[in-house]
Amino acid sequence: MRVRTLLLALSCLSALFLRALPAAAHLAPILIDGRFDEWQAVPTLAMDPAGDGASSGIDFQSVQVANDQDYLFFSFDVTGEIQLDADQQLRLYLDTDLDSGTGIPFHGIGADLCWEFGWREGTFRTGGISYDLNHADVGLMAGPTVSNDRFEIALARDAVPAAGQALFPGGTVRFILRDATGGGDVFPDSGSLSYTFSAGAIATESIDLARDDPAHLRLATYNIENDGLFAGGAREAALERLFQAMDADVFIISEVWGHSAAAVRAKVAQFLPGAWHAVTRDGGNVIVSRYPILQAWAVLAGHRITAALLDLGADRETDLLVIANHWRSGNADEQRQLEADAVVAFLRDARSPGGVITLPEGTPVILGGDFNLVGWRQQLDTVMTGDIVNEGQFGGDAAPDWDGTPLALPVTRHPDARAAYTWRSDWSSYYPGLLDFVFYSDSALDLRNHYILDTRTMTALSLANAGLWAQDTPLGSDHAPRVADFHLISAPSPVPGAAPARVATLLPNHPNPFNPATTLRFELAAAARCRLEVLDVRGARIRELTAGEYPAGVSHVVWDGRDDAGRGVASGVYRARLVVDTPFGPEVWSRPMLLLQ
């Protein structure tokens, strides 16, 4: 009787402890892109004591949880840099029916789902039977795809992993994070954490696939998976519909293994009639362009990187440098680092007299393709910031944009969904990932409409409007195309009837980088009405700094690092955008700014 009484008391204390843990609820529009912007508004659910990690060096720090009507989201951080999908033993134990007598027993809960991130597999236990799962069974998305010390994941709320049993039968879940190496950290140290779903829904605004302005330059990058353009049948028909929906001016096409650039040009002209030009200088990428190709280079011998200089025509006073990339895949981190270093060195050469290539100052640059960034984060940092690793071979660091700043990388999503992956195979163990990128020099280019064209997440109305079928993307390739439209910020055309020389100049802000404030300056040749605003990396306005009449000369405006609601914004790259009314229409200037908190 005494033992029974003691066990009952312990059980009651355990239940009381579990009930006492937080069961927060937070509705948030999370985009799994590895950038964590939306998490700024989500409170931390719990902190883990420092220094209780194992020999693996992995020590949990904190966790945030949120949901929308479709997904349950987690964000957690650890000490050190790890790869989420390999080389570690992180696990998530998720008790969705709040019954410790069902599921996999661990730390007082019965985990209906145990997900092993490094093994890229999970176990779902229901009715006393365990079922092996892959990511598609639970709608799992994770980011970033590169190594990091912070991660975000999503699990589909409508998932039915096995035996007709829903993953989330109720409105509250309990969970535990664990490093399963010997003596590894467990978060929380005892008991579990709870989260109650927040009611409500968050609408996702649809992105129109058309250009905002027909004059915008459109580039699309697409890995067509093993010469898919020439597959014939249903697959080629799907690709034709996708190409027609994109209707780009410039295509970067990867995985062209067995066909010439001329054959690819002919196929694109079959899909989109008109005059096309094409070139390749490597064994897999082809650049196809409506604009004449002036010159082309192999950026790194033996690697899949082709650069081409495009003639944008008499109505624009600049050419365009496009670099097509298909970097080494899988565990080839050293090879990818060589490729990243080579691209930065090529851009440094282009900005300097002599060498292989010399470009006029301000020539716009776009890098696109399948970068296969699935390993070390350093490769992403190198191509963005110019931090060269193999300096003995490629020379010293070199900021890749003309104004000494990093290249811009937009946050791009699917047209009708808050999803940012460009590669997805429901038959692979690897998680949907962000492998395809578009980087650009935002000192010379202003990003406008942009999206990742995955038909699986588009609405029936959007598909019908674009002439697409729901399975076109997976039929065409395991990659989704990435599309970006640009406005050139270079001086206007000198053709007859065009505007005279620009009446405004947006000068560099100071300091840059900055914290907490920076001064923006612009110069007017004559009095004019001006609007000065701050945009985030997606091109969305977060702050209007001023709007009104300004005299000729230099004017100064301070940005204090806050948005229109007075909230401090996160660290990152922002753009100052100056719009000046002139008799010939709006004159637009844009400059990047780097806020470091």
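Every chain is numbered on its own, with residues counted from 1 as its sequence reads. Predicted model: local features are reported for residues with pLDDT of at least 70 only, side-chain atom pairs are reported and counted for 80 or more only, and whole-chain, interface and lining totals are derived from all residues. The side-chain numbers reported here are obtained from all heavy atoms of the structure, hydrogens and water having been left aside.

Draft legend 1. View of the environment of Ala484. What counts as a helix is a DSSP run of H or I of at least four residues, what counts as a strand is a run of E of at least two, and both are numbered from the N terminus. Note on placement: Ala484 falls in strand E26 (residues 482-488). Buried, partly exposed and exposed residues are distinguished by accessible area as a fraction of the type maximum, computed with a 1.4 Å probe on protein chains only: under 20%, between the cut-offs, and over 50%, respectively. For Ala484, a relative accessible area of 2% translates into the label buried. Between the alpha carbons of Ala484 and Thr412 there is a distance of 9.0 Å; along the sequence they are 72 residues apart. Any two residues whose heavy atoms approach within 4.5 Å are treated as being in contact. Excluding residues within four positions of it along the chain, Ala484 makes contact with Leu217, Arg218, Leu219, Val438, Leu447, Asn449 and His450.

Draft legend 2. Representation of unusual backbone geometry in the model. Residue Asn512 is joined to Pro513 through a cis peptide bond whose omega torsion reads 5°. Following the sequence through the fold, Pro513 ends up in the loop between strand E27 (504-510) and strand E28 (518-524). Asn515 connects to Pro516 through a cis peptide bond whose omega is 5°. Mapped onto the elements, Pro516 comes out in the loop between E27 and E28. Non-glycine residue Asn372 carries a positive phi angle of around 50°.

Draft legend 3. Inspection of the sheet that holds strand E19 (residues 286-289) at higher detail. When DSSP locates at least two bridges between a pair of strands, those strands are taken to pair. The six strands lie next to each other as E18-E19-E17-E16-E26-E25, forming an open sheet whose pairing is mixed. Edge strands, defined here as strands with exactly one partner in the open sheet, are strand E18 (277-279) and strand E25 (445-452). For this sheet the average axis-to-axis angle between neighbouring strands, irrespective of direction, equals 15°. Of the pairings in the sheet, the one linking strand E17 (residues 250-254) to E19 comprises four bridges and is antiparallel in character. Bridge pairing in E19 links Ile252 to Ile287. Note on method: axes are straight lines fitted to C-alpha atoms, helices fitted across the in-contact stretch only, with angles between N-to-C directions ranging 0 to 180 degrees. Its contacts with the sheet put helix H3 (residues 233-246) on strand E16 (217-223), E17, E25 and E26, and the angle it makes with E16 is roughly 155°.

Draft legend 4. Spotlight on the sheet that holds strand E29 (residues 528-535). One open sheet holds the four strands; their spatial order is E30-E29-E32-E33, and the pairing between them is antiparallel. If you trace the sheet from one side to the other, it starts and ends with strand E30 (541-550) and strand E33 (587-595), each paired once. For this sheet, the mean inter-axis angle between neighbouring strands, taken without regard to orientation, is 15°. Judged from the nine bridges that link them, strand E32 (residues 572-580) and E33 form a sheet pairing that is antiparallel. For Val580, the partnering residue across the bridge sits in E33 and is Glu587.

Distances and angles like these do not, on their own, reveal function.
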